[in-house]
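# Descriptive analysis of the structure
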Amino acid sequence: MTVKFNNRDPVYVQVIRHFKEQIAKGYFEPGQEIPSRRELANQLKINPNTAQRAYKEMEEQGLIFTEGNMPSCITKDETVLKSVREELIVEAVDLFLGSIKSIDVPLSEVLELVKKKHDAESGEAEESI
């Protein structure tokens, strides 16, 4: 597991975002065991307290659960899993809209350009398979 950390956001927040992205992409299955806090700290070369804080926050958000002395696992709650994906999409759309509104582009033009770009990139992905 590798994460490229930026200098803007706290590391534990970036770790949580990484987990959310992996969940949204389907790399983590519901109920899947995840690395221990110590293993994660070693893999990402972060302070174990930072890994602990990220896991604590993810447990509070319902993304992961830990039963007794068992390893932590990704939630099986479909509502939480769906909301993770939706949260990431809304965040991306908000950023996109913020930058588009600043140059006053009509929505119809934006949608057309987004569709063209999406179709072009989807075609490139299919060609490489």
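Note: the structure precedes this text.
Since the model is a prediction, treat every value here as computed from it, not as a measurement.

Now for the overall build of the protein. Helices and strands together make up the secondary structure of the protein, namely five helices and two strands. Order of helices (α) and strands (β) in the protein, N terminus to C terminus: α-α-α-β-β-α-α. Relative to the compact-globule value of 14 Å for 129 residues, the protein shows a C-alpha radius of gyration of 18 Å, a clear excess of over 25%. Projected onto its principal axes, the C-alpha positions of the protein cover 55 × 35 × 30 Å. Per-residue burial for the protein yields a buried fraction of 26% across its 129 residues. For the protein, the share of sequence-separated contacts (at least 6 apart) that also reach a separation of at least 24 residues comes to 53%. For the protein, the exposed surface amounts to about 9400 Å²; the carbon and sulfur share of it is 52%. Side-chain charges of the protein comprise 17 positive and 23 negative groups, with the mean position of each set lying 5 Å from the other.

Mapped onto the elements of the fold, Lys20 is located in helix H1 (residues 11-25). For Lys20, a relative accessible area of 9% puts it in the buried group. When near neighbours in sequence (up to four residues on either side) are disregarded, Lys20 contacts Gln61, Leu63, Val84, Glu87 and Leu88.

Attention shifts here to unusual backbone geometry. Even without a glycine there, the phi angle at Lys45 is positive, about 60°. In this fold, Lys45 is placed in the loop between helix H2 (37-44) and helix H3 (48-61). A positive phi angle is found at Asp104, which is not glycine, with a value near 55°. On the secondary structure map, Asp104 appears in the loop between helix H4 (78-101) and helix H5 (107-127).

A few words now on the packing of H2 against H3. Orientation of H2 relative to H3, taken along the N-to-C sense of each, is 125°, at an axis distance of 8 Å. In terms of orientation, H2 and H3 fall into the oblique class. Handedness of the H2/H3 crossing: right-handed. Note on element contacts: H3 touches H2 through Pro48, Ala51, Gln52, Tyr55 and Glu59, opposite Arg37, Leu40 and Ala41. Tallied by class, residues from the contact of H2 with H3 come to five nonpolar, one polar and two charged.

Our next topic: H2. Residues that lie three or four places apart on an α-helix share one face, since the helix turns once every 3.6 residues. The complete set of buried residues in H2 reads Leu40, Ala41 and Leu44. The buried residues of H2 occupy one face: seen down the axis, they fall within an arc of 100°. Structural note: H2 exposes Arg38 and Asn42 on the side pointing more than 90 degrees away from its buried face. On the buried face of H2, the contacting elements are H1 and H3. Positive backbone phi, at 60°, marks Lys45, one or two positions downstream of H2.

We now examine the nonpolar core. Counting 23 residues, the largest nonpolar core has Phe19, Leu63 and Ile74 as the members making the most contacts within it. For this core, the elements supplying multiple residues, two or more each, are H1, H2, H3 and H4. Top element by residues in this core is H1. It accounts for five residues. For Ile74, the contacting residues outside a window of four places in its chain are Phe19, Ile23, Phe28, Glu29, Pro30, Gly31, Gln32, Ile34, Leu63, Ile64, Phe65 and Leu81.

About the criteria used
- Along each chain, residue indices are assigned from 1 in the same order as the chain's sequence is written.
- Totals for whole chains, interfaces and linings use all residues, but because this is a predicted model, local features are given only for residues with pLDDT of at least 70 and pairs of side-chain atoms are given and counted only at 80 or more.
- Working from all heavy atoms in the structure, the side-chain values ignore hydrogens and water.
- Strands here mean DSSP runs of E at least two residues long; helices mean DSSP runs of H or I at least four residues long; both are numbered from the N terminus.
- In this description the radius of gyration comes from C-alpha coordinates, and the expected globular size is given by 2.2 Å times residues to the power 0.38.
- Exposed residues in this analysis have more than 50% of their type's maximum accessible area, buried residues have under 20%, and partly exposed residues fall in between, with area computed by a 1.4 Å probe over protein chains only.
- Any two residues having at least one pair of non-hydrogen atoms within 4.5 Å are treated as being in contact.
- All accessible-area figures derive from a Shrake-Rupley calculation using a 1.4 Å probe, and residue coverage is judged against the displayed protein chains alone.
- Counted charges follow a simple rule, with Lys and Arg positive, Asp and Glu negative, and His plus the chain ends left uncounted.
- The location of each charge is read from NZ of Lys, CZ of Arg, CG of Asp or CD of Glu.
- Axis definition: a line fitted to C-alpha atoms, limited for helices to the stretch in contact. Angles are taken between N-to-C directions and run from 0 to 180 degrees.
- When describing relative orientation, an angle under 35 degrees is termed roughly parallel and one over 145 degrees roughly antiparallel, while 65 to 115 degrees is termed roughly perpendicular and anything else oblique.
- The sense of a crossing depends on the near helix, which, turned anticlockwise from the far helix by less than a right angle, makes the crossing left-handed and, turned clockwise, makes it right-handed.
- As a working rule, the residues Ala, Val, Leu, Ile, Met, Phe, Trp, Tyr, Cys and Pro are called nonpolar, Asp, Glu, Lys and Arg charged, and the rest polar, with Gly in that last group.
- By arc we mean the arc of the directions from the helix axis to the C-beta atoms, nothing more.
- For this analysis, a nonpolar core means a set of buried residues of the types Ala, Val, Leu, Ile, Met, Phe, Trp, Tyr and Cys, connected via side-chain atoms within 4.5 Å.

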